[in-house]
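One-letter residues, chain by chain:
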Amino acid sequence: MDQTLAAALANQGLAPILFLTRDGKPRKKIVSADFKKMHPKISADIEDLAHHLHQTQLRDAYDTWLASNMYFWQIVQAVLARFSELKAEQGVLDYHDLILHSLALFSDDMALSFVHQRLDYTIDHILVDEAQDNSPEQWLFILKLVDLFVRDDTPERSFFVVGDVKQSIYGFQGAVPDLFESLVDTFEHILLSRGHQFVRLTLDDSFRTVLEVLNVVDAVFSENPIGMGTYVAHRAHRRDAGWVGVNFLSKDDLKKSDDGADNEGEPGTDWPIVDRYKVSASKDAVLAQYVADNIARAIEERWVLPGTNRPLEARDVLVLLRNRGALSGDIIRALKQRNVAVEGPDRIFLSTRQAIQDVMAVMRFLCLPQDDLALANVLKSPFVNGGQGFSEEALFNLCHNRDGSLWQRLCQTPAYADTEALLKSWLSRVDYQLPSFLLHAILEPVYGAFENRLGADIHLLFETFLDTVMELESNTPTLAEVLFQLEQSMPVVKREGVSPTGVRMMTVHGSKGLEAPLVVVVDRDDRLDLAKENLLWPKVGDP
């Protein structure tokens, strides 16, 4: 038995079946004990073949991995090169460029002399906030800045750093929270050697968070499970009670039918796992229904939270998610179905909203009536047929077996004369009206239809969209040019500085620095394994 035979068997797909496990490893028992005793030489050859098959598959997998990575690296190099060209053409810098170019100023003697001359009398204090989110390059810049400006002949100058390694959330931008603590000694040496004082303080008292929440934080970090700096035991300034609960919706919970009974719940107890969710619903939808049910129940039962001393209201609830994905929309819909006021997400990406996609389809049709896909989208939208749009059957019959464009077919179909007249009235104004005026005239009659179908927040979407169109048409006054600009970059609506009137939906990143009486953290992570050590379970006897 040799590697040639092993390779031949592997190429025929026989190796995984005869000699290897599903993981690609040699089977521990390929032949029976009796066969091995009667034919030791053949048994040894078979085991040797299994070993060669395993090695062959490992080499093939490595070759595939290496080739894939080489192709990927070539693509990445091309993308980065083109990205750099575009930045140079437009004269712009990205976030990382700013850091690298700032560092470059300290690496060139002439540039350093210029920086020192221009800034020496303008800097008295250096303040670094959220220091746990700094990258190594940022810390290097800070070190050079301190070394340059905080000297023994500048006793009036100060250097202040504040941060909390447990709050580091910018790893995707290169943040290394461990550097925050490891550099303390370095800064201490620099300041003391130049005649400055050095004071190290720990802020143990929390004036915002209740004791129960702090206990959970301290319990997680008391054994420093993931290397998050020196442990600090916190003290709660607030004396009112709080509550932290954790619930898991397992795969079995997601498969339960809707014939179960709800359990009673009250503040201070975990939300019940209910049995009313159907198998046909997506996992996101099931989780959204569960979250919305319990928020609605808490409001209906008039929970009184110690921090507010009044019945819970929708504006008291803050729902936190990993990202602004489908789950966010599912929770918003589920809350609205239960008549719970909801603010919607903290950021709205216009390009992903159905109402804006419908308006963009109208613009594409007006620029090119022969665009069949754009017209089909318009016909399905509330813009036509009294706000109802065409049914799937009506649109199929109109599209099927046609000779020309969809627009030609529509104009040749007497049953849709009203729709044809409406669209022709839009087309007649394209060359004579500014895009914002035209789109406002098209949208105004169907605001109600869009609101009935997609919710009240369409007013904010359309208002923001039209404002953007007005800005663009000041430089590019034609509909085609405005459409091109919108397809390149669509604005994002940010809800900031407004007092909430309903349940708020935010990402964990976006919520940093905010607070709410009731915070619900929602996550559906299929990778979570309750049996593995990456979950921390309370010890027996812990409160």
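This text goes with the structure placed above it.
Report follows, based on the coordinates. (Residues numbered from 1 in each chain as written. Predicted model: local features only at pLDDT ≥ 70, side-chain atom pairs only at ≥ 80, totals over all residues. Heavy atoms only, no water.)

## A short note on the nonpolar core
- By size, the foremost hydrophobic cluster in this structure holds 47 residues, and its most contacted members are Met363, Leu366, Phe383, Phe462 and Phe465.
- For this core, the leading source of residues is helix α14 (residues 354-367), giving 9 residues.
- In contact with leucine 366, not counting residues within four places along its chain, are Trp426, Leu427, Val430, Leu438, Ile442 and Leu479.
- If you look at the next biggest cluster of nonpolar residues, it comprises 27 residues, including Val317, Ile332, Val342 and Leu518. (Core = buried A, V, L, I, M, F, W, Y, C linked by side-chain atoms within 4.5 Å. Buried < 20%, exposed > 50% of the residue type's maximum accessible area, 1.4 Å probe, protein only. Helix = DSSP H or I, 4+ residues; strand = E, 2+ residues; numbered from the N terminus. Contact = heavy atoms within 4.5 Å.)

## Thoughts on the side chain of serine 381
- Topologically, serine 381 is positioned in the loop between α15 (372-380) and α16 (392-399).
- Owing to a relative accessible area of 1%, serine 381 belongs among the buried residues under this scheme.
- Within the structure, the side chain of serine 381 is placed 2.6 Å from the backbone oxygen of valine 378, a separation counted as a polar contact.
- Setting aside residues up to four positions removed in sequence, serine 381 forms contacts with Asp358, Gln388, Gly389 and Arg453. (Polar contact = N/O pair within 3.5 Å; in protein donor to acceptor, adjacent residues only side chain to side chain.)

## Examining a nonpolar patch on the surface
- Together, Val213, Val216, Val220, Val244, Val246 and Phe248 give the surface a local cluster of nonpolar side chains, amounting to about 420 Å² of exposed area.
- Structurally, valine 216 is set in helix α10 (residues 211-221).
- Note on valine 216: relative accessible area 37%, which makes it partly exposed. (Patch = residues over 30% accessible without salt bridge, like charges linked within 9 Å, V, L, I, M, F, W, Y side chains within 5 Å. Areas by Shrake-Rupley, 256 points an atom, 1.4 Å probe, with all protein chains shown as cover. Salt bridge = Lys/Arg side-chain N within 4 Å of Asp/Glu carboxyl O.)

## Concerning the environment of phenylalanine 180
- Here phenylalanine 180 is to be found in helix α8 (residues 178-182).
- Phenylalanine 180 sits in the buried class, given a relative accessible area of 15%.
- Measuring from C-alpha to C-alpha, the distance between phenylalanine 180 and valine 165 comes to 7.4 Å, with 15 residues separating the pair along the chain.
- When residues no more than four places from it in sequence are discounted, the contact partners of phenylalanine 180 are Ala131, Gln132, Trp139, Val161, Val162, Gly163, Asp164 and Val165.

## Remarks on the packing of α14 against helix α22 (residues 479-488)
- Where α14 contacts α22, the two axes come as close as 10 Å, and the packing angle between them is 140°. Classified by the interaxial angle, the pair formed by α14 and α22 is oblique. Taken as a pair, α14 and α22 cross one another with a handedness that is left-handed. Seen from α14, the contacting residues are Met360, Met363, Arg364, Leu366 and Cys367; seen from α22, they are Leu479, Ala480, Val482, Leu483, Leu486 and Glu487. (Axes fitted to C-alpha atoms, helices over the stretch in contact; angles between N-to-C directions. Parallel < 35°, antiparallel > 145°, perpendicular 65-115°, else oblique. Left-handed = near helix turned anticlockwise from the far one by under 90°.)

## Thoughts on the packing of aromatic side chains
- Inspection of the entire model under this criterion finds 12 aromatic pairs.
- For the pair phenylalanine 365 and tryptophan 407, a centre-to-centre distance of 5.3 Å together with 70° between the ring planes defines the contact as edge-to-face. Of this pair, phenylalanine 365 sits in helix α14 while tryptophan 407 is found in helix α17 (residues 406-411), placing the two residues 42 residues apart along the sequence. Taken as a pair, phenylalanine 365 and tryptophan 407 share a single burial class, namely buried.
- One aromatic cluster is present, built from ring pairs that chain together Phe383, Trp426, Tyr447, Phe450 and Phe462. (Phe/Tyr/Trp six-rings, centres within 6.5 Å; stacked < 30°, edge-to-face > 60°.)

## Considerations on the environment of threonine 468
- Inspection of the secondary structure puts threonine 468 in helix α21 (residues 458-473).
- When the C-alpha positions of threonine 468 and proline 491 are compared, they lie 7.5 Å apart, and in sequence the two are 23 residues distant.
- Not counting residues up to four positions away in its chain, the partners in contact with threonine 468 are Leu486 and Pro491.

## Here we look at the pairing of strand β10 (residues 518-521)
- In β10, alternate side chains face the same way, and those of Leu518 and Val520 are buried while those of Val519 and Val521 on the opposite face are not.
- Bridge count between strand β5 (residues 317-321) and β10: 4 bridges; the pairing is parallel. Along β10, the bridge assignment pairs leucine 318 with valine 519. (Pairing = 2+ DSSP bridges.)

## Some remarks on unusual backbone geometry
- In this structure, asparagine 339 takes a positive phi of about 60° despite not being glycine.
- Overall, the relative accessible area of 74% leaves asparagine 339 in the exposed class.
- You will see that asparagine 385, though not glycine, has its phi angle at about 60°, which is positive.
- For asparagine 385, a relative accessible area of 45% translates into the label partly exposed.

## Some details on the pairing of strand β1 (residues 125-128)
- Of the two faces of β1, the one lined by Ile126 and Val128 is fully buried and the one lined by His125 and Leu127 carries no buried residue.
- Strand direction decides the pairing type here: β1 and strand β2 (residues 158-161), joined by 4 bridges, are parallel. Residue pairing for β2: histidine 125 is matched across the bridge by serine 158.

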